[in-house]
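Residue-level structure breakdown
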Amino acid sequence: GAGVSQSPSNKVTEKGKDVELRCDPISGHTALYWYRQRLGQGLEFLIYFQGNSAPDKSGLPSDRFSAERTGESVSTLTIQRTQQEDSAVYLCASSLMGDSSAQPQHFGDGTRLSIL
Amino acid sequence: QKEVEQDPGPLSVPEGAIVSLNCTYSNSAFQYFMWYRQYSRKGPELLMYTYSSGNKEDGRFTAQVDKSSKYISLFIRDSQPSDSATYLCAMKAAGNKLTFGGGTRVLVKP
């Protein structure tokens, strides 16, 4: 597809379970980003990938959160032992290049995560 | 205090009016300034992307950046009901991550 693709679009799970969220960036985009958007709020940065390395993980809220990326393609964000405060929309973005470049970031439609 | 402040609204205007949105920020390292539009249950869509102070126009949209005042604006002329959405300002320093305002909800009434 032409845009950033995220799956699943919705996920409901019980507190304490692990979840995996997937992001397919725009083809050719080497930089990939994860953000979190709580209800009625702006986006919070979580992690940035350049290729398959993550030079900036400063936004990950706890060690329950981790992410990986294979090559310059798919990324997965994993949340272990989910808590109710993890309920949010998780958004993925990609850009042609990252770091100090001026390339704009393009977003997917997100995964809406609800923890019961 | 948040790095980027944005009035949450809602901002209600009649169709055809000019919509005026703004954000203030505190970090003088921000160099790149963006406006995104977000419809309900959708991801943010990039509207405008500017670097440095000044104006940029694209169709009905005009973005203004005043670095000396740490203030950015977005104007939407001839507003349409389809412009009803949440508008997010975002900023970037030399690094990689975007810092967002909280978003302003806009409602354009027919």
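What comes next is a walk through the structure. On a predicted model such as this, the values are computed, not experimentally measured, just so you know.

1. Some points on the overall build of chain B
When its secondary structure is counted, chain B shows zero helices and 11 strands. For 110 residues, the compact-globule formula gives about 13 Å, and the C-alpha radius of gyration of chain B, at 13 Å, lands near that figure. Counting only C-alpha atoms and orienting by the principal axes, one finds that chain B spans roughly 40 × 25 × 20 Å. Long-range contacts, defined as pairs at least 24 residues apart, comprise 54% of the intrachain contacts of chain B with a sequence gap of at least 6.

2. Points about the layout of surface pockets
Volume-wise, the largest pocket comes out at about 560 Å³. Listing elements by their share of the lining of the largest pocket, those giving two or more residues are β9 (88–95) of chain A together with β9 (85–92) and β11 (104–109) of chain B. In terms of residue count, the dominant contributor to the lining of the largest pocket is β9 of chain B (three residues). Taken together, the residues of the lining of the largest pocket break down into eight nonpolar, 12 polar and six charged. When its volume is computed, the second largest pocket comes out at roughly 320 Å³. Lining the second largest pocket we find 16 residues, and of these Leu43, Glu44 and Phe45 of chain A together with Thr99 and Phe100 of chain B sit closest to its centre. For the lining of the second largest pocket, the secondary-structure elements that each account for two or more residues are β5 (43–50) of chain A together with β10 (99–100) of chain B. If you tally residues by element for the lining of the second largest pocket, the top one is β5 of chain A, at three residues. The residue makeup of the lining of the second largest pocket, split by class, is five nonpolar, seven polar and four charged.

3. Some words on the sheet that holds strand β3 (residues 19–25) of chain B
Residue and element names in this part refer to chain B. The strand order across the open sheet built from five strands is β1-β3-β8-β7-β6, with neighbouring strands paired in antiparallel fashion. On the outer flanks of this sheet lie β1 (4–6) and β6 (54–58), each paired with one strand and no other. The average angle at which neighbouring strand axes cross in this sheet is 15°, direction not considered. Relative to strand β7 (residues 61–66), β6 runs antiparallel, the two sharing five bridges. Within β7, the residue paired with Gly54 across the bridge is Val65.

4. Points about the nonpolar core
Core analysis: the largest hydrophobic core is formed by 23 residues, its most contacted members being Trp35, Ile72, Leu74, Tyr87 and Met91 of chain B. Of all the secondary structure elements, the ones that give two or more residues to this core are β3, β4 (32–38), β5 (45–51), β7, β8 (71–76), β9 and β11 of chain B. Dropping the residues within four chain positions of it, Tyr87 of chain B is found in contact with Gln6, Leu21, Tyr36, Arg37, Leu47, Leu74, Ile76, Gly103, Thr104 and Val106 of chain B. Residues Leu46, Phe65, Tyr90 and Ile115 of chain A belong to the second largest nonpolar core, which totals 19 residues.

5. What to know about the sheet that holds strand β1 (residues 5–7) of chain A
Residues and elements named next belong to chain A. Ordered by their spatial adjacency, four strands build an open sheet running β1-β3-β8-β7, and the pairing between neighbours is antiparallel. Among the strands making up the open sheet, the edge pair consists of β1 and β7 (65–69). Across the sheet, the mean angle from the axis of one strand to that of its neighbour is 15°, orientation sign disregarded. With three bridges connecting them, β1 and strand β3 (residues 19–24) associate as antiparallel partners. In the sheet register, Ser5 faces β3, and the bridge partner there is Asp24.

6. Digging into the interface of chain A and chain B
Each partner contributes to the interface: chain A provides 25 residues, whereas chain B provides 19 residues. Between chain A and chain B, roughly 1,700 Å² of surface is buried when both sides are summed, and carbon and sulfur atoms account for 50% of that area. Scanning the region where chain A abuts chain B turns up one salt bridge. In this structure, Asp109 of chain A and Lys42 of chain B form a salt bridge, with 3.7 Å as the shortest nitrogen-oxygen distance. One can count four residue pairs in polar contact (both at pLDDT 80 or more) joining chain A with chain B. Elements with a contribution of two residues or more to the side of chain A that touches chain B: β4 (31–37), β5 and β10 (106–107) of chain A. Of the residues contributing to the side of chain A that touches chain B, the split by class is nine nonpolar, 12 polar and four charged.

7. Some details on the side chain of Gln6 of chain A
Residues and elements named next belong to chain A. Looking at the element boundaries, Gln6 is found in strand β1. Polar side-chain contacts of Gln6 include one of 2.9 Å to the backbone oxygen of Tyr90. Of the polar contacts made by the side chain of Gln6, one reaches the backbone nitrogen of Cys92; its length is 2.9 Å.

Parameters at a glance
Residues numbered from 1 in each chain as written. Chains lettered and ligands numbered in written order. Predicted model: local features only at pLDDT ≥ 70, side-chain atom pairs only at ≥ 80, totals over all residues. Heavy atoms only, no water. Helix = DSSP H or I, 4+ residues; strand = E, 2+ residues; numbered from the N terminus. Rg over C-alpha atoms; globule rule 2.2 N^0.38 Å. Contact = heavy atoms within 4.5 Å. 1 Å grid on protein atoms, 1.4 Å probe; cavity = no way out; pocket = protein on both sides within 12 Å on 5 of 7 lines; lining within 4 Å. Points joined across faces, edges and corners; volume = space filled by probe spheres on them. Nonpolar A, V, L, I, M, F, W, Y, C, P; charged D, E, K, R; others polar. Pairing = 2+ DSSP bridges. Axes fitted to C-alpha atoms, helices over the stretch in contact; angles between N-to-C directions. Core = buried A, V, L, I, M, F, W, Y, C linked by side-chain atoms within 4.5 Å. Buried < 20%, exposed > 50% of the residue type's maximum accessible area, 1.4 Å probe, protein only. Buried area = accessible area lost by both parts, 1.4 Å probe. Salt bridge = Lys/Arg side-chain N within 4 Å of Asp/Glu carboxyl O. Polar contact = N/O pair within 3.5 Å; in protein donor to acceptor, adjacent residues only side chain to side chain.

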